[in-house]
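Examining the three-dimensional arrangement
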Amino acid sequence: SASLLSSAVVNGFFYSSHTCPVGLNRKTTLIHTMTSADGADDDHITILGFGSLLSEKSSRTTFPTLKNFRLGRVLDHRRTFAHPASIFFQRNIAKLETLEMSSLSVEYKEGFSMVCSVFEVPNEGLAAADAPGNNFVPSQKFLDREEEFEITKVRYEELATRSSSGEQEINEGVICRRSTDEAYIARWGQERFQKNYLDYGIKTIWGWNEGIRPCPVYLRHCVLAAWSCDSEERWSKDGVGGVCYKSFLDETYLVDRVTTIRAYIDQYPEIMATEPPDSLKERYSG
């Protein structure tokens, strides 16, 4: 959900297919556990965070036993605020009247990249009990939490390590990627689509090309998460920030795929003063 892997963003996301173009749905539900030079093994899965999971604090809220929190760069993908999240309506932080209701996703786009968080999580409790051999099958609980996404493996660079040849080391991790309305309905059924979207006045999840804007509470949450990834100081609008923060501002786009988050916040600075309701302050404060 804007949720976990982006917030979460993870949770259902150990559901996978291999890298494919935007919107192409696969029904593969098995992926192998990943191995990386930083300690992933058969008992752990490598997660790539690109929204609120840019913060180690936020990541540990979702994954208390994560290890090897570090930075990477997702290759050939673009980070966008391009779809509404049902959870924002359920938590009463979406603004339908102004279309400020968008969450984050990534989409396949050759030549684009962005800084992400990288960490390993134990495989305990994430796999279905009947997962065959060394394959990973996500539990229903995890699929539920990241219901609208395609959960897939993508390539990323390790920012802190290089190979013996001096080149950036490239590995694979799991991420939440944009999907299609058809894939959502095929997986969950029309009744769930009705309950989670149509009943809130939302006619499409992934069919937006204009108009939709970031949910202010969630955008602020992600900006603070990106800031805290590099700095222990309190966020300020004039702060320079580190590589993660700069990437979030300059390598994250609105639904038009042109306007950066840096430009958007410059135009609407009040977003960073939009605090979450008291009941959500712990979850939505970076």
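As shown above, the structure is provided for reference.
Note that this is a predicted model, so its numbers are computed, not measured.

So, about the packing of aromatic side chains. The way to describe two aromatic rings as a pair is by their centre distance and the angle between their planes. By the definition in use, this model includes 12 aromatic pairs. On the numbers, 5.7 Å between centres and 90° between planes, the contact of Tyr184 with Tyr197 is edge-to-face. Taken together, the residues Tyr184 in helix H4 (residues 181-188) and Tyr197 in the loop between helix H5 (190-196) and strand E8 (213-214) connect sequence positions 13 residues apart. You can call Tyr197 buried: its relative accessible area is 0%. Look at Trp227 and Tyr245: their rings are 4.9 Å apart centre to centre, the planes differ by 85°, and that puts the pair in the edge-to-face class. In this pair, Trp227 is assigned in helix H6 (residues 216-230) and Tyr245 in helix H7 (residues 243-250), connecting sequence segments 18 residues apart. Each of the two residues, Trp227 as well as Tyr245, counts as buried. A cation over a ring is seen here: Arg192 above Trp188, with NZ or CZ 3.9 Å from the ring centre. Above the ring of Tyr268, the side-chain terminus of Arg213 is found at 4.7 Å from the ring centroid.

A few words on the packing of H6 against H7. Axis separation between H6 and H7 bottoms out at 6 Å; the angle between their running directions is 150°. By the angle between their axes, H6 is roughly antiparallel relative to H7. Counted together, Leu219, Cys222, Val223, Ala226, Trp227, Cys229 and Asp230 of H6 and Val243, Cys244, Tyr245 and Phe248 of H7 form the full contact between these two elements. Looking at the contact of H6 with H7 residue by residue, the classes come out as 10 nonpolar, no polar and 1 charged.

Although it is not a glycine, Asn68 sits at a positive phi angle of roughly 60°. Along the chain, Asn68 falls in strand E3 (residues 67-84). Overall, the relative accessible area of 32% leaves Asn68 in the partly exposed class. You will see that Asn92, though not glycine, has its phi angle at about 60°, which is positive. One can find Asn92 in the loop between helix H2 (86-90) and strand E4 (100-122).

Here is what the cut-offs are and how they apply
- Residues numbered from 1 in each chain as written.
- Predicted model: local features only at pLDDT ≥ 70, side-chain atom pairs only at ≥ 80, totals over all residues.
- Heavy atoms only, no water.
- Phe/Tyr/Trp six-rings, centres within 6.5 Å; stacked < 30°, edge-to-face > 60°.
- Helix = DSSP H or I, 4+ residues; strand = E, 2+ residues; numbered from the N terminus.
- Buried < 20%, exposed > 50% of the residue type's maximum accessible area, 1.4 Å probe, protein only.
- Lys NZ or Arg CZ within 6 Å of the ring centre and 35° of its normal.
- Axes fitted to C-alpha atoms, helices over the stretch in contact; angles between N-to-C directions.
- Parallel < 35°, antiparallel > 145°, perpendicular 65-115°, else oblique.
- Contact = heavy atoms within 4.5 Å.
- Nonpolar A, V, L, I, M, F, W, Y, C, P; charged D, E, K, R; others polar.

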